[in-house]
Amino acid sequence: PKYVYEFTEGNKDLKDLLGGKGANLAEMTNLGLPVPPGFTITTEACRHYLEHGATPPGLDAEIEEKLTALEAKMGKRLGQPDDPLLVSVRSGARFSMPGMMETVLNIGLNDESVRGLAAQSGNERFAWDSYRRLVQMFGRTVLDIDGELFEDAIDEAKARKGVTSDLDLDADDLAGLVETFRSIVHEATGSEFPTDPREQMRRAIEAVFQSWNAPRAILYRRQERIPGDLGTAVNVCSMVFGNLGMDSGTGVAFTRDPATGQQGVYGDYLQNAQGEDVVAGIRNTVPLAELERIDPGSYAELLTIMEKLETHYRDLCDIEFTIERGKLWMLQTRVGKRTAAAAFRIANQLVDQGLITLDEAVNRVTGDQLAQLMFPRFDERAGRDLLGRGMNASPGAAVGRAVFDSYTAIKWSRSGEDVILCRRETNPDDLEGMIAARGILTSRGGKTSHAAVVARGMGKTCVCGAEELDVDTKNRRMVAPGGRVVEEGDVISIDGTTGEVFLGEVPVVASPVVRYFEGEIDPASDEADELVRAVHRFMQYADAARRMNVRANADTPEDAARARRMGAQGVGLCRTEHMFLGDRRTLVERLILADTDKEREEALAALLPLQREDFVGIFAAMDGLPVTVRLLDPPLHEFLPDITELSVRVAVAEARGEAHEGDLRLLQAVHRLHEQNPMLGLRGVRLGLVVPGLFTMQVRAIAQAAAERVKQGGRPRPEIMIPLVGTVQELEIIRDEAVRAVREVAEDNGVELDFPIGTMIELPRAALTAGQIAESAEFFSFGTNDLTQTVWGFSRDDVEASFFSNYLEKGVFGVSPFETLDTDGVGRLVRTAAEEGRATRPGLKLGVCGEHGGDPASVHFFHEAGLDYVSCSPFRVPVARLEAGRAAA
Ligand code: PEP
Ligand code: MG
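Residues numbered from 1 in each chain as written. Chains lettered and ligands numbered in written order. Predicted model: local features only at pLDDT ≥ 70, side-chain atom pairs only at ≥ 80, totals over all residues.

Which parts of the structure should I look at to understand the UniProt feature "domain: PEP-utilising enzyme mobile" (unreviewed entry) in the protein?
In the numbering used here, UniProt assigns the feature "domain: PEP-utilising enzyme mobile" (unreviewed entry) to residues 417-499. Along residues 417-499 one finds 18% helix and 35% strand; the C-alpha atoms at either end are 23 Å apart. (UniProt positions renumbered as here; feature names shortened; annotations may be inferred. Helix = DSSP H or I, 4+ residues; strand = E, 2+ residues; numbered from the N terminus.)

In structure tokens, the structure reads:
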């Protein structure tokens, strides 16, 4: 195979082979843009190297051939003593892995060529500084020498001279540093720094290959779910210098504002500098627009190029460039990252400009971005006082009093205060405090830290790793830059979408996107801004494109109505247990405690009308649309008092001789129903089989509510769903009872009632015997929360808070399987059950009602698996609509 491509030979579609950077350098070269000539060594060569520990046969010869061609083009040889060609050797994988892999600049310098460079540039300091950088980078990257050793030597040189800035070191000082660096190399490796330019290049290339498997790169890939076997390409590029004087410089540019999507001139420029200087923040950059004054010619050329790139890539591009003595060079471009709002606006603008189709536009925005746009936000018009910044770990805007421990968070929130829990980092002991808080702020830890993972799981606003804020839990305070102090009780505002932390209360407003979905903003009116119009346009397109329906999980008429406004096409899961809380708990208690049939029937009879009213409201809100009502699912003891508390209360009462018969009975029942593993115990269909009359009461309530709606002229479409079924026998028994109950109610009311009766698939056994279960089930709804729990053996209530952050950090998985469906394991059961269910009953309706129904990646999987609908919380309905559309488009 061909292992080396000149920039003139590649193009942007060869990213697998040439990596992102190499493919785009080739594309720019072919567009006739000023790219310093060079060549790219393929990922295939890297893969061979990693597999065999040696470069593939023929690679050296190919590199030599391309290098010779490069030398001919440039009119000078690599490291030529009187006028050296210098090259950079840079990694560039298929997927960007910022800062993970290696780069070596200024290859070709040695004791002779450094003088040639000095003479040619007329700048001796520059030449020695370039040489110094080479030895340092080569030492660190290729020879694996601790970078501190070099940094320390620089510090010593500065101290000796009594200066603080690198810029104060002159040519002689830098020549001295080169000497020192070379002895560091000799001491650390036992050999001399290689002065042969071709050896420098060869070894740098191999070092880049090897850096693919550096521990931090491996970890990064695991977390970002980038396959580990892709390898990296290597770009060898002739050097241009931004540090040759004030007529030189380096910068970054965006063809649009990546924050808002606005067209214009965005970026930064730094005179007399190289790329690393910008990153290191040694000197302050100036806004790109200033380049117009500094170097009008280069500025005009840059703007022309930016326009060309945007039209060519048909998207926002970001660019790295260097100006060498008034000559502009393009060093990199790629389709740039952007905020959620910018993504929608840019895609919309590009459609208007005729650069992309609506179909492409919809595929350039994601459900995750839409979800971000739906969070409440800080009012942009309000003043704000920035305290510091961290990572945007979990989106949203939260305001509250700063507290520094969980206990206080709980105590204050119970008395009605909004609090922000501020910790250095959180651990499982903080869980209750996190639940009580409006938002969470930590000064340590990244996006997979405990705080971040748990907050995202709870949908709670979180800023993490705000290192500039010194959280002092002992003294209950936090110190911000400039010595500003936040004491316990001071109000702060945190923005989980940007990572910003503000002092005081910043007013929060509802997102205009939500107001649009709620029907409060007419997309055709003036009130609709560009963002709302873009969202509206893309939603319409997605709705027309999608095959799957989207329903909502809703337990109240209000939620159902809201879901419908958000575009839900029915209720996919109405959890009836939520109707048994509050005042009704005592009725449930009576039911559980009933000793005789009569007592039980009385309790059921008292519950029935209440249930019926709930259903009437939901059926009305979803008139004409299906409503899947799930019969009672949770373990009964959830409706009873806590066993410990009750035991103590009864013991105290007994000691006083005041114990009531009722208390004793209650305690007995609580003991009887107590389970070590309630999630695997008496719940779901098992309850229906064990507690006589319970499910029948619920079915009667559903049927009576439907009859009432029919009489009111409505079109109720209930579907009855049995949870936690493991075998068809369970389902058959309940089904017979249910069919009978519906028939009776229909006859009593003189109306026709006919509801589908189906089941949830929540247990591995149900999935594996779906062919049998489908004989009795008219539909399946995958309860992927329980299915994930039972397939992995993970307690859904515990593991995310306890050890998932550890798993995520170690890269066991890149995202919690409770958040995004585990397609390999759980997904396989979903496919099996779907296939076998439909083999038994062609046209069997299939849906999903676990949390995954609103997760973008999972929605795509469900589309592929042939499901008919997904059901998710009302707020996620637009996200699911968009993703179902993208999956089908
Ligand atoms: C499920 O298990 O996925 C489900 C929807 O049911 P619940 O979350 O109520 O157990
Ligand atoms: Mg369940």
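Which parts of the structure should I look at to understand the domain arrangement of the protein?
Considered domain by domain, the protein is made up of domain 1 (4-238), domain 2 (249-335), domain 3 (376-509) and domain 4 (546-635 + 675-888). Taking only C-alpha atoms into account, the centre of domain 2 sits 36 Å from that of domain 3. (Domains from an automatic or database assignment.)

Any chance you could explain the UniProt feature "binding site: Mg(2+)" (unreviewed entry) in the protein here in plain terms?
In the numbering used here, UniProt assigns the "binding site: Mg(2+)" (unreviewed entry) feature to Glu-762 and Asp-786. For this annotated set, covering 25 residues, all C-alpha atoms fall within 5.3 Å of each other, a compact arrangement in space. Checked against the element boundaries, Glu-762 lands in the loop between strand 28 (757-761) and helix 29 (764-768). Excluding residues within four positions of it along the chain, Glu-762 makes contact with Pro-723, Leu-724, Gly-783, Asp-786 and Leu-787. Along the chain, the position of Asp-786 falls in helix 31 (residues 784-792). On the neighbour-count criterion, Asp-786 (22 C-beta atoms within 10 Å) is buried. Excluding its chain neighbours within four sequence positions, the residues that come into contact with Asp-786 are Leu-724 and Glu-762. (Contact = placed C-beta atoms within 7 Å. Buried ≥ 20, exposed ≤ 12 C-beta atoms within 10 Å, placed from the backbone.)

Would you mind showing me how to read helix 4 (residues 113-121) here?
Given 3.6 residues per helical turn, the α-helix brings residues three or four places apart onto the same face. Within helix 4, burial applies to Ser-113, Val-114, Gly-116 and Leu-117. All buried residues of helix 4 project into a common sector of 160° when viewed along the axis, lining one side. Buried positions along helix 4 lie against helix 5 (124-141). One or two steps after helix 4, the chain reaches Gly-122, where phi turns positive at roughly 65°. (Arc of directions from axis to C-beta.)

Just checking my understanding: could you explain helix 36 (residues 877-888) for this structure?
Under the 1.5 Å per step criterion, the end-to-end length of helix 36 is 17 Å for twelve residues, consistent within 8% with the ideal 16 Å. Judged by how many residues are buried, helix 36 sits mostly within the fold: ten of twelve residues are covered. For helix 36, the set of buried residues is Val-877, Pro-878, Val-879, Ala-880, Arg-881, Leu-882, Glu-883, Ala-884, Gly-885 and Arg-886. (Expected span 1.5 Å × (residues − 1).)

Whenever I open this one, the sheet that holds strand 1 (residues 4-6) confuses me. Can you help?
Within a sheet, adjacent strands bond to each other through the backbone by hydrogen bonds, running parallel or antiparallel. With antiparallel pairing, the five strands of this open sheet are ordered in space as 1-2-5-3-4. Every other strand in the sheet has two partners, leaving strand 1 and strand 4 (103-107) as the edge strands with one partner each. Direction aside, the axes of adjacent strands within the sheet are offset by 20° on average. The pairing of strand 3 (residues 87-93) with strand 5 (residues 232-238) spans seven bridges and is antiparallel. (Pairing = 2+ DSSP bridges. Axes fitted to C-alpha atoms, helices over the stretch in contact; angles between N-to-C directions.)

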